[in-house]
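Observations on chain architecture
Single-letter residue listing:
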Amino acid sequence: MQPAPIRKLEETVINRIAAGEIINRPSNALKELIENSLDAGSTSISITVKDGGLKVLQIQDNGHGIRTEDLPIVCERFTTSKLKVYEDLSHIQTYGFRGEALASISHVSHLSITTKQADSECAYKAHYADGKLVPAKPGSGSDPVPCAGNNGTVITAEDLFYNIPSRKAALKNTREEYNRIFEVASRYAIHNSGIAFSCRKLGAPKVDLSTAAGASTITNIRQIFGSKIANSLVEIQGSSTDYDVEFSGHVSSAAHEMHKTVFLLFINHRLVEHTPIRRAIESLYTSVLPKASRPFVYLDLRIKPENVDVNVHPTKREVRFLNEDSIVGCIVDCIHSKLLSCNNSREFVVQERLQKQLGLTTDGDTPLLTTIAPSSTTGNTESNLPTSTLTPAQPIASTPSRSSNLPTSTPRKTPVNRAVRTNYKTLSLESFSFGSSPSIRRNRLQTTIDNSVASPPQNPLRTSPSHVNSSAGLRNESNFEQASSIAQKPQPENIAPLFGQETVAAASTSKECNSAQPVLRSDMSTEPPQLSEPAPALGKTYAAPKPEPRVEVRLTSILNLRKDLQRRANSELTQVLSEHSFVGFVDDRRALIQYQTRLYMVDYCKISYHLFYHRCIFDFMNYGRIILQPAPSIHELALMAAKELGDVDPEDTAKNVLSRFSDSREMLEEYYHIRISDIGTIESLPMVIRDYSPDYDKLPLFLYNAATSVNWEEEQQFFKTFTSELATFYALEPPLPDDPPHTKDEYRLVVEHRIMPAFKGSSFWAPGSILVENSLVQLADLPDLYRIFERC
């Protein structure tokens, strides 16, 4: 095989390849155009964008413009007014110097330039393609044509990357591209505070970015990033005569709170990235800010031009300069000293949730307005940050006394359209008289129905489609044969099977059948119960709570899961659910609740999953205990689930499930109060909510999924996935149509007096996914209703 001959590429191919290196995306093109406008002495720069800059990218300035005689060559490569010889790079002070920006843009788009100088009578417009002048329309001339226009230059790039299909396909997310364009424009606006910047989408009624020409740097930061961030910044200034460097900027103080790092670095007024400076500053702030906070840094670094190499990156995104380590050290030392000097006080916001937990309310349930005054600390300022210690000037909460001499104000009368006539703290007598519920409805696998022991159970395995997707293969066939086979297995002496025998005579009494019900123990002891004692006659016992100390959890994985739940929580949803008043039921899945003046419809079956998941994480190792007497066989339950789910080898799967639970029984007993016996039976389950037990029809599916779908290798993933399966097992399931009439009433009592009050605990942080699932929908608001009635 002969080697291919070496050929010289055509100039068009060379230019297009070079253009692809310089113009990676629309934001790179905008950066080059903004720098050209700044070099032209502009005081106003307007940016217009369509489809993320891919369709239209236009920039207009009021600079000195381009000479008419320079228009024919302005888009050719290596044509520039800022550089004559290579030595000029050593003291270059302009943004551009290579003369490749306009040339590169003209090779990947349809480019047009309209420019007018102050002494010109009119503006001139020219069109370019591949660096050359082209006619605006077929048959017309390619020379620049006179037109109306303002002083300055308007550059429009249309159909960016039209001739590079792969690049254009990779940039199809126009929203992301516009965000990048907005980021570039806003950063230059902050640095060039004396210049007016504006950025908008083509055809949009208002601009997304607008800064005034006379605004200060901190004013532009406040307008772009918000007052909260701007108010938490401190100004820094420093210099070093040894390295001919000066710097200034605005950085985060110790009271700053933001979850994403913002790093704006300008070296000799050029927007660049410099990894050593960024890493050093971020390392400094790790000992200053809270763990979840990230710093905001705007730094203007001015170095002697002879010491800076600006020609090290195709897009001029990076630079190199002499004495990097020493200059970085000067910057870090200056920031550290500034933080020490302003660390005498900190401001903290007392949230409403904290006030509620500390009892910061008056008799009228109106939160007290409490001020925590930060103390000033003096003395050794060389200590490690942070150095301040809060000493409240007043107690965190104080209840006004009737004999107090302090002036009191007459409470304002609440308008009728804002009046709330319910109190979420009110309890009804029914909630006290309602007993415990060992099972929301009868168990399909238990023969505890005294009048119909001969009828086979229906649909023994059920799961909530809202939380588990692995149940697609479940069938509605009877499991009469499986239940019978379980009952025929040898059982421990003096203990009746939990899943009763179908061969029991019809003459069996209700009392005998009920003796197979699970026993609920609400004590918090981790000691295993004595299962050899027979159950009481009624089949239910409720042991008195024992004053056992609460176990302190120090597992990093559980603490991380708790922090993750708190981080993902929606504060408004949490407030609604923690302070709601129950109104009534809509059906067996939904209910109406009231929060202040608003009425909501809640899908309590769906959100019960989140409730149990949160309870399992926040009450980890501190559950109650549900005793199963007699203890069912894990192998038989797993075999039943495997057959119902259409497993290829149900027997082998059942053995694997039994092996998995048997090998991990010490861990499950310690962490989840799930006790596994030596003979492979499950003797107890955790009581997540007091006096509530799950639907035992889902127990086989829970065992199956816990063994096959849970990550048992990595610690944190195990706790997350196993707890999710446990929450799915405990989640509410509505009654079936053929259930006894009283089942529905008992089910609703459980929802109203056990599940819904549990949301008012301090360990539930409502996730934002509740809104995505449409599990909580606002139906009405009292002020809005009054407006409607007034119009009527």
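Residues numbered from 1 in each chain as written. Predicted model: local features only at pLDDT ≥ 70, side-chain atom pairs only at ≥ 80, totals over all residues. Heavy atoms only, no water.

So, the packing of helix α14 (residues 556-567) against helix α16 (residues 604-618)
- Relative to each other, α14 and α16 sit at 140°, their axes nearing to 9 Å. Regarding the angle of α14 to α16, the classification is oblique. By crossing handedness, the relation of α14 to α16 is classed as left-handed. On the side of α14, the interface is formed by I558, L561, R562, L565 and Q566, while α16 contributes Y613, H614, I617 and F618.
- In terms of residue class, the contact of α14 with α16 is built from six nonpolar, two polar and one charged. (Axes fitted to C-alpha atoms, helices over the stretch in contact; angles between N-to-C directions. Helix = DSSP H or I, 4+ residues; strand = E, 2+ residues; numbered from the N terminus. Parallel < 35°, antiparallel > 145°, perpendicular 65-115°, else oblique. Left-handed = near helix turned anticlockwise from the far one by under 90°. Contact = heavy atoms within 4.5 Å. Nonpolar A, V, L, I, M, F, W, Y, C, P; charged D, E, K, R; others polar.)

Quick notes on the nonpolar core
- Formed by 73 residues in total, the largest nonpolar core has its most connected members in Y672 and F722.
- The element best represented in this core is α16, accounting for 10 residues.
- The contacts of Y672, once residues within four sequence positions are left out, are F620, Y623, M667, P686, F718, F719, F722, T723 and L726.
- Ranked by size, the runner-up nonpolar core spans 54 residues in total, among them I59, V108, I164 and A189. (Core = buried A, V, L, I, M, F, W, Y, C linked by side-chain atoms within 4.5 Å. Buried < 20%, exposed > 50% of the residue type's maximum accessible area, 1.4 Å probe, protein only.)

Re the sheet that holds strand β13 (residues 270-271)
- One open sheet accounts for five strands, arranged β10-β11-β14-β12-β13; its pairing is mixed. Here the strands that pair on one side only, and so sit at the sheet edges, are β10 (233-240) and β13.
- In terms of strand pairing, strand β11 (residues 245-252) meets strand β14 (residues 296-303) through seven bridges, oriented antiparallel. Its bridge partner being in β14, V251 is matched across the sheet by V297.
- Where helix α9 (residues 324-341) meets the sheet, its contacts fall on β10, β11 and β14, and the angle it forms with β10 comes to roughly 140°. (Pairing = 2+ DSSP bridges.)

Digging into the confidence of the model for the chain
- Taken over all residues, the pLDDT of the chain has a mean of 75, while the share at 70 or more is 68%.
- The secondary structure element of the chain with the lowest average pLDDT is helix α13 (residues 510-514), at 33, and the one with the highest is strand β1 (residues 44-50), at 95.
- In the model, residues 436-517 has pLDDT below 50 throughout and makes 172 contacts with residues more than four positions away in sequence or in other chains. (pLDDT = per-residue confidence, 0-100.)

Looking at the pairing of strand β2 (residues 56-61)
- Where β1 lies against β2, six bridges are found, and the strand directions are antiparallel. Looking across to β2, one finds that T48 is bridged to Q58.
- Where β1 folds back onto β2 in an antiparallel hairpin, the turn is made up of five residues, including D51, whose phi is positive at roughly 55°.
- One ladder, built from six bridges, connects β2 with strand β7 (residues 152-158); its direction is antiparallel. Looking at the pairing, V56 lines up with E158 of β7.

What about the side chain of E683?
- Tracing the chain through its elements places E683 in strand β23 (residues 682-687).
- For E683, a relative accessible area of 13% corresponds to the buried category.
- Within the structure, E683 has its side chain in polar contact with the side chain of R675 (distance 2.7 Å). (Polar contact = N/O pair within 3.5 Å; in protein donor to acceptor, adjacent residues only side chain to side chain.)

Concerning the packing of aromatic side chains
- Applying the stated criterion across every chain, the model contains 24 aromatic pairs.
- Centroid distance F620 to Y672: 5.6 Å. Interplanar angle 90°. Geometry classified as edge-to-face. With F620 in the loop between α16 and β21 (624-627) and Y672 in helix α19 (residues 665-672), this residue pair connects regions lying 52 residues apart in the sequence.
- Judged by relative accessible area, which is 1%, Y672 ranks as buried.
- Between F620 and F719, the ring centres sit 5.2 Å apart and the planes meet at 80°, which makes this aromatic pair edge-to-face. With F620 in the loop between α16 and β21 and F719 in helix α21 (residues 715-730), the pair connects residues that are 99 residues apart, well separated along the chain. Each member of the pair F620 and F719 is classed as buried.
- Looking at K201, its charged tip hangs above the ring of Y178, at a distance of 4.8 Å from the centre. (Phe/Tyr/Trp six-rings, centres within 6.5 Å; stacked < 30°, edge-to-face > 60°. Lys NZ or Arg CZ within 6 Å of the ring centre and 35° of its normal.)

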